[in-house]
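Letter by letter, the chains look like this.
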Amino acid sequence: MSVERQGTAGVDRRRFFGYVLAAPTLVAAAQAGELVTAEEAVALPSLPTPAEIVDLNDLISVAAAPTAHLITVALHEDGTASLALPRSEVGQGITTSTAMLIAEELDLPVEKVRVTLADGRPELLFNQFTGGSTTTTSTFTPVRVAASIARGQLLKAAATVLGDTLANLRSHLGVITDSRGNEVGYGELAARAAAVRSKSVETELKATSDFRVIGTPRNRVDAREAVTGRKTFAMDLDVPGALPAMICRPPTVNGTVRKVRNAAEVEAMPGITHVVKVSSGVAVRGKTFGQCIDAVRALDVDWGPGTAEGKSDESVERELHRAAVPPAVPKVPALARSIDETFTFAFRSNSALEPNCAVADVRPDRAEIWGSLKLPVAAQTAIAELLGLPLGRVTVHVTEGGGSFGRKLFFDAALEAAEVSQKTGAPVRLMWHRTDDFRQGRTHPMAISRIRATWRGDEVLTFEQRHTSVETDFRHGLADIVTSHAGKIPGANGVLSQTIFALTQEVPYHFGLVSQILSETDDGFNTSSMRNIYSPDVRTAQELIVDRIAAETGSDPYRFRRRVLKRKRFVSVLDKVAEAGEWGRKLPKGVAQGIAVHPEYKTAVAALVQLDCRKETVERPVEGESYAGPLVTKVVLAVDAGLPVNPRGLEAQMMGGAMDGIALALSSSLHLDNGRFLEGSWDNYFYTRQWNTPPELEIHVMPPSSDQPGGAGEQGVAAVCAAVACAYARATGTVPKRFPLNHADEPHFEPLPTVPPVPASPTDGLDAVR
């Protein structure tokens, strides 16, 4: 990884108000302050799109600001600090970056900061939402203000203890030293610095030039636990009496239960304690998950139709074309040249590495739920309604999760666990089977993206994008009780979709009259805002057309982009990958480079990809695989994330984004046939494998360009996906129109049966992986 540092640009606002809260030891919080605005706009040949003025990141940060004072930093008598973060840690590293923010302002070692995950807190309103790459941007100032106030109070207490003036005191690594060299530790001051009653205080944050923690590469605070298997996830919890539970699910998407023919016989199977009908199928509870799998396979269920009966990839694609909005600018060959192309993107699975799961203990008068939840308040509300309990009688504990990227915005496992626990009258540890995740879980919707562009000479006059998608489900809302209910009103989901599309999508080039329109159709599928939401499809279509225009005007793809990019930040990351990746170097026939730029959430990313499409590479034998396909041999990424809090964490996000982008461009997709998805495990859902991971991967973290951080969790996906597509077009001479490139009409595997809905457990795990 390359990390470059220099002075930051922009306003360095440092004075804030906050609170010292009444508590036995020191507890400090921030007051809601003014929002840091986006980069100042400049005069553009193309009018700015909504996302260039106010993006989704801004919307969520503004919504979270009024309750910023409810996020508190506490000091303890052992000299440590703690914060219950109202976000979800699913592997993105936010507990580490948050600990760094606290350590910076508190002058405490990062190792002495404990960041846990807060339970569901309805009073936080929009401030308990994990998504849209907003965690660090929305908590960056409030967390620092709280820590800074705590440090100020410690200094005041130390002045009394040491008998010196504040001006003579210095804090460092959890110790305060006076002018005579006398020292006192934070732990000794925690109780003395505590407030008898809450009060408002003013504090001044550190200048960026004084940062010693923020902006330095740090390993994750939970790295050792992760690699040694000691991290605690939902299924690791020891909740008294909670036995395993699974659900027998229908053969088609959202099918229904008509009748269970053999419930009594299955309930008599070894280890099985309960068989009950639930909203999503038939639940079994048993002593082991293996026994639950056997019971699920043994159930004889009469299934009713689902919400996608008879549908296939072909029928859904036809529906998308019927729903598409045509371009507004006509083709007028006498006045300008034009390109008009449509690109198709298959369904993709939003399965996380950790199977969907939750623990529930429901009693007649209360309920307690444990799970990895990105919207715990919405989950708490829905569970209370399902169980018929007051909201205050439902407690939702947020556990760490093994991946998500949009999947855990939905809390279906928690709802199911609560329903099963209520109907069985016993605590449960509910887990989906991997096959359930692929066939009944959340998917990235199938979409088509049509672009018509016109140009005269080497100037683009119009650029119209019409993106048509199976409906993306945003009915989970945005963390509060109001929007989680509003999303269920007929037509409201469409409003949310249009809002999110408008606040995330942009064209980063001066292309004259620019328009982007979203149309959605068909709400019969379980979709989700999978990592980067609309951007991988939208950006891939855009960048392919940019390459086409460059070719038609006789321009080099890199130099053409450089000339028409809107902002210097975009040019800087583009230049970086072109230089580091040796753009334009001589390559064998069938091997080519692709380049792309993607800005989103105040972060700019550029990607250069080298792709090998030679026959011997495409047809190379790979053990256990029936088809290999093109191979990405090199990826170079450059990222300008404003002020990167943890460059090493940012590098990890870009690395994961690159793997996602490669998968979306080349291999990862679901096949829909007769109302059911054929993929049933990671064996036949072709995410990027070790054998098609690029042997060369460079990530360049650019110098800070702001005093505020941008988003980091998603932007690498779209940039790499688009660059792979452009590389394929240059390597083969054929512009790809359908994605992923390896998505054949007939799958490269033998689909698992749908009845029974899950395969038998292997009797010899070693044989199963050979």
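Conventions and cut-offs
Residues numbered from 1 in each chain as written. Predicted model: local features only at pLDDT ≥ 70, side-chain atom pairs only at ≥ 80, totals over all residues. Heavy atoms only, no water. Helix = DSSP H or I, 4+ residues; strand = E, 2+ residues; numbered from the N terminus. Rg over C-alpha atoms; globule rule 2.2 N^0.38 Å. Buried < 20%, exposed > 50% of the residue type's maximum accessible area, 1.4 Å probe, protein only. Pairing = 2+ DSSP bridges. Polar contact = N/O pair within 3.5 Å; in protein donor to acceptor, adjacent residues only side chain to side chain. Contact = heavy atoms within 4.5 Å. Axes fitted to C-alpha atoms, helices over the stretch in contact; angles between N-to-C directions. pLDDT = per-residue confidence, 0-100. Core = buried A, V, L, I, M, F, W, Y, C linked by side-chain atoms within 4.5 Å. Parallel < 35°, antiparallel > 145°, perpendicular 65-115°, else oblique. Left-handed = near helix turned anticlockwise from the far one by under 90°. Phe/Tyr/Trp six-rings, centres within 6.5 Å; stacked < 30°, edge-to-face > 60°. Nonpolar A, V, L, I, M, F, W, Y, C, P; charged D, E, K, R; others polar. Right-handed = clockwise from strand over helix to strand, strands pointing away. Salt bridge = Lys/Arg side-chain N within 4 Å of Asp/Glu carboxyl O.

Of regular secondary structure, the protein possesses 21 helices and 32 strands. In terms of overall dimensions, the protein is globule-like: its C-alpha atoms have a radius of gyration of 27 Å, near the 27 Å expected for 770 residues. Each principal axis of the C-alpha distribution contributes one length, and for the protein these read about 80 × 75 × 50 Å. For the protein, buried positions account for 61% of its 770 residues.

Turning our eyes to something else, we now look at the sheet that holds strand S25 (residues 513-521). One key point about sheets: their strands pair by backbone hydrogen bonds, in either a parallel or an antiparallel sense. Spatial strand order, S25-S24-S23-S16-S32: five strands in an open sheet with mixed pairing. The open sheet terminates on both sides in strands that have one partner only, identified here as S25 and strand S32 (738-739). Of the pairings in the sheet, the one linking strand S23 (residues 447-456) to strand S24 (residues 459-470) comprises 10 bridges and is antiparallel in character. Considered in S24, the bridge of Ala 453 is made with Phe 463.

Our focus in this paragraph is unusual backbone geometry. Put simply, Phe 739 and Pro 740 share a cis peptide bond, and its omega is 0°. Along the chain, the position of Pro 740 falls in the loop between S32 and helix H21 (765-769). The peptide bond linking Val 755 to Pro 756 adopts the cis configuration, its omega dihedral lying at -5°. Within the secondary structure, Pro 756 sits in the loop between S32 and H21. Of note in the backbone geometry, Ile 533 takes a positive phi value of approximately 45° without being a glycine. Relative accessible area serves as the criterion here: at 9%, Ile 533 is assigned to the buried category.

Quick look at the side chain of His 598 now. Take His 598: it is sitting in strand S26 (residues 591-600). For His 598, a relative accessible area of 0% gives the class buried. A distance of 2.9 Å separates polar atoms of two side chains, one belonging to His 598 and the other to Arg 539. Among the polar contacts listed, one links the side chain of His 598 to the side chain of Glu 600, at a separation of 2.6 Å. Those residues in contact with His 598 that sit more than four places away from it in its chain are Asn 532, Ser 535, Arg 539, Thr 603, Ala 604, Val 605, Gln 715, Ala 718 and Ala 719.

Here we take up the sheet that holds strand S21 (residues 428-431). In space, the seven strands of this open sheet follow the order S13-S14-S11-S21-S18-S19-S20, with mixed pairing throughout. Both outer strands of the open sheet, strand S13 (272-278) and strand S20 (394-398), are each paired with one neighbouring strand and no more. For this sheet the average axis-to-axis angle between neighbouring strands, irrespective of direction, equals 20°. Relative to S21, strand S11 (residues 243-248) runs parallel, the two sharing three bridges. Within the sheet, the bridge partner assigned to Ala 245 lies in S21 and is Leu 430.

Take the confidence of the model for the protein next. The predicted model of the protein has a mean per-residue pLDDT of 91, with 92% of residues at 70 or higher. Predicted confidence for residues 3-11 stays below pLDDT 50, and this span has 25 contacts to residues more than four positions away or in other chains.

Our next topic: the nonpolar core. Grouped together as the largest cluster of nonpolar side chains are 46 residues, with contacts concentrated most on Leu 430 and Tyr 534. Sequence-distant contacts of Leu 430, defined by excluding residues within four places in its chain, comprise Met 235, Ala 245, Ile 247, Asn 356, Cys 357, Ala 358, Ala 413, Glu 416, Ala 417 and Val 420.

The N-to-C vectors of helix H10 (residues 376-387) and helix H11 (residues 412-424) enclose an angle of 25°; their axes lie 10 Å apart at closest approach. The angle between the axes of H10 and H11 places the two elements in the roughly parallel class. As H10 runs across H11, the sense of the crossing is right-handed. Note on element contacts: H11 touches H10 through Ala 414, Leu 415, Ala 418, Glu 419 and Gln 422, opposite Ala 382, Ile 383, Leu 386 and Leu 387.

Right, let's get into the environment of Arg 212. For Arg 212, the location among the structural elements is in the loop between strand S10 (199-204) and helix H6 (223-227). In sequence terms Arg 212 and Arg 648 are 436 residues apart; their C-alpha atoms lie 15 Å from each other. Once residues within four sequence positions are removed from consideration, Arg 212 is found in contact with Glu 104 and Arg 218. Reaching out from Arg 212, the side chain makes a polar contact with the backbone oxygen of Asp 210 at a distance of 3.3 Å.

This next bit is on the environment of Cys 726. Inspection of the secondary structure assignment puts Cys 726 in helix H20 (residues 715-732). Residue class for Cys 726 comes out buried when judged on its relative accessible area of 0%. As for Cys 726 and Asp 294, which are separated by 432 residues in sequence, their C-alpha atoms are 47 Å apart. For Cys 726, the residues in contact, after removing those within four places along its chain, are Glu 543, Leu 544, Asp 547, Arg 561, Gln 593, Gly 594 and Ile 595.

The tally for this structure, following the rule as stated, stands at 13 aromatic pairs. Arranged with centres 5.9 Å apart and planes meeting at 70°, the rings of Trp 682 and Tyr 685 form a pair that is edge-to-face. Summarising the aromatic geometry, the rings of Trp 682 and Tyr 687 are spaced 6.4 Å apart at their centres and angled 80° between planes, so their arrangement reads as edge-to-face. Of the residues examined, Trp 682 reaches a relative accessible area of 26% and is grouped as partly exposed. Looking at Tyr 687, the relative accessible area reads 25%, which means it is partly exposed.

Where helix H15 (residues 535-552) meets helix H16 (residues 557-564), the closest approach of the two axes is 9 Å, and the angle between their N-to-C directions is 105°. Comparing the axis directions of H15 and H16 gives the class roughly perpendicular. The segment H15 lies against H16, with Glu 543, Val 546, Asp 547, Ile 549 and Ala 550 engaging Pro 557, Phe 560 and Arg 561. Partitioning the contact of H15 with H16 into residue classes produces five nonpolar, no polar and three charged.

Moving on, we come to the side chain of Glu 52. Mapped onto the elements, Glu 52 comes out in helix H1 (residues 50-53). Polar side-chain contacts of Glu 52 include one of 2.9 Å to the backbone nitrogen of Thr 49. Among the polar contacts made by the side chain of Glu 52, one reaches the side chain of Lys 566 at a distance of 2.9 Å.

On to the pairing of strand S5 (residues 81-85). Counting buried positions along S5 gives four out of five residues, so the element sits mostly inside the fold. Two elements, strand S4 (residues 72-75) and S5, share two bridges in a ladder whose sense is antiparallel. Across the sheet, Ala 74 pairs through a bridge with Ser 82, a residue of S5. Handedness of the crossover is the feature at issue here: the chain leaves S5, passes through helix H3 (residues 94-106), returns alongside strand S6 (residues 113-117), and the resulting connection is right-handed.

Another point: the pattern of salt bridges. Tallied over the full model, the rule gives 49 salt bridges. A salt bridge links Arg 220 to Asp 222, with the shortest nitrogen-to-oxygen separation between them at 2.8 Å. Its relative accessible area of 29% is what places Arg 220 among the partly exposed residues. Each of Glu 89, Arg 220, Asp 222, Lys 231 and Glu 400 takes part in a single network of salt bridges with overlapping partners.

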